[in-house]
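# Observations on the model geometry
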Amino acid sequence: MTDQLAISILTLQHRIPDDWAADPWAEVRPLIDGVDVLKEVHPEGLAPSCRYWKGPAESWPLAVTEEPRRVMIAEPTCTAGCCGALYVTMRREGDRVIWDAWENTSNITAVPTGFRFDSLQYETELARAAADISWEEPVDTVARLLEQTLADSGWFERWDCVLTSVSPRREEPDIPAELTSPEGVDVEFHQVRGPGERTDSYEYELFVTRDQSLDEQVRRLADHILADDPRRTAEIRDY
């Protein structure tokens with residue numbers, strides 16, 4: 001019975017994945033009473049990325065309502081259909097938040113026990129994590145501020161395009177320089193076309209430096225994109 005469970009403390013921790021190529025943004029990893037319960041039962045899984053923690057509170061990955069909601073709380077770097085994922089059902093009961101009905105579709109059958117949290121502590125921690133940028137490396141900060149600048153500019157809409165993503169590009173250790181790109185920011189967008197027409201996708205591969213402040217780098221990169229029709233200055237992506 002859920003009313004027999006002790007009240008646990010939720011802590012959300014940003015962590016840049018070892019295999020960041022799967023998602024360059026940090027995952028927001030739940031610790032329950034200080035324990036990484038996901039690691040114990042789904043060691044290869046990643047928690048939802050911080051890019052899903054934007055927007056209104058009801059859209060955050062761990063948001064709860066009185067209506068039970070099944071959430072994929074950890075997935076592999078490939079796909080859930082390939083290597084399985086970890087699911088939990090979340091709901092609110094009065095002043096408590098309940099996590100139970102865990103499902104593990106990987107080849108590990110273990111699942112955590114049920115947990116309950118004080119709803120005030122839970123929601124306060126969600127809000128803190130959504131606003132937290134203390135984990136960012138310089139390349140993350142540049143990517144975040146550049147995305148905000150480009151979204152606010154309305155520049156891509158002017159050219160009948162949609163900004164798809166802005167993401168940090170990290171240096172890959174132990175990889176020869178000729179086989180990888182320097183640290184920077186990738187900007188992807190696509191052109192809006194009519195029904196049945198091909199959608200062209202584009203990408204900027206931008207570079208960060210260590211001799212400019214972060215604000216100066218954001219201005220430099222934004223000025224490069226905003227100077228001309230982005231369909232002319234970006235590289236078209238082939239799939």
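What counts and what doesn't
- Residues numbered from 1 in each chain as written.
- Predicted model: local features only at pLDDT ≥ 70, side-chain atom pairs only at ≥ 80, totals over all residues.
- Heavy atoms only, no water.
- Helix = DSSP H or I, 4+ residues; strand = E, 2+ residues; numbered from the N terminus.
- Buried < 20%, exposed > 50% of the residue type's maximum accessible area, 1.4 Å probe, protein only.
- Contact = heavy atoms within 4.5 Å.
- Areas by Shrake-Rupley, 256 points an atom, 1.4 Å probe, with all protein chains shown as cover.
- Lys, Arg positive; Asp, Glu negative; His and termini not counted.
- Charge placed at Lys NZ, Arg CZ, Asp CG, Glu CD.
- Pairing = 2+ DSSP bridges.
- Phe/Tyr/Trp six-rings, centres within 6.5 Å; stacked < 30°, edge-to-face > 60°.
- Lys NZ or Arg CZ within 6 Å of the ring centre and 35° of its normal.
- Axes fitted to C-alpha atoms, helices over the stretch in contact; angles between N-to-C directions.
- Parallel < 35°, antiparallel > 145°, perpendicular 65-115°, else oblique.
- Left-handed = near helix turned anticlockwise from the far one by under 90°.
- Nonpolar A, V, L, I, M, F, W, Y, C, P; charged D, E, K, R; others polar.

## Quick look at the overall build of the protein
The helix and strand tally for the protein stands at seven helices and eleven strands. Principal axes of the C-alpha set define a box for the protein whose edges measure 65 × 40 × 40 Å. Counting across all 239 residues of the protein, residues that qualify as buried make up 43%. Taking contacts inside the protein between residues at least 6 apart in sequence as the whole, the part at least 24 apart equals 53%. Carbon and sulfur atoms make up 50% of the accessible area of the protein, which amounts to about 13100 Å² in all. Here the protein contributes 24 positively and 47 negatively charged side chains, and the mean placements of these two sets differ by 2 Å.

## A few points about the sheet that holds strand E10 (residues 201-207)
An order of E8-E9-E10-E11 is seen for the four strands of this open sheet, with the pairing classed as antiparallel. Two strands in the sheet have a free side with no partner beyond their single neighbour: strand E8 (161-169) and strand E11 (235-236). Where E10 lies against E11, two bridges are found, and the strand directions are antiparallel. Looking at E11, one finds that glutamate 203 is bridged to glutamate 235.

## As for the packing of aromatic side chains
Under the counting rule described, the total for this entry stands at ten aromatic pairs. On the numbers, 5.9 Å between centres and 35° between planes, the contact of tryptophan 53 with tryptophan 60 is tilted. The residues tryptophan 53 and tryptophan 60 share a single accessibility class, namely buried. Taken together, a centroid distance of 5.2 Å and an interplanar angle of 70° make the contact between tryptophan 99 and phenylalanine 117 edge-to-face. Taken together, the positions of tryptophan 99 in strand E6 (residues 96-104) and phenylalanine 117 in strand E7 (residues 115-118) put the pair 18 residues apart, joining distant regions of the chain. Of the two residues examined, tryptophan 99 and phenylalanine 117, each falls in the buried class. Taken together through their ring pairs, the aromatic side chains of Trp99, Trp102, Phe115, Phe117 and Tyr122 make up a single cluster. Here the guanidinium or amino end of lysine 54 rests over the ring plane of tryptophan 25, the centre of that ring lying 5.7 Å away.

## Details of the packing of helix H4 (residues 138-153) against helix H6 (residues 214-226)
Contact geometry of H4 with H6 gives a least axis separation of 9 Å together with a crossing angle of 45°. By the angle class used here, H4 and H6 are oblique. Handedness of the crossing formed by H4 with H6: right-handed. Residue-level inspection shows Pro138, Thr141, Val142, Leu145, Leu146, Thr149, Leu150 and Ser153 of H4 in contact with H6, the latter providing Leu214, Asp215, Gln217, Val218, Leu221, Ala222, Ile225 and Leu226. A class-by-class count of the residues in the contact of H4 with H6 yields eleven nonpolar, four polar and one charged.

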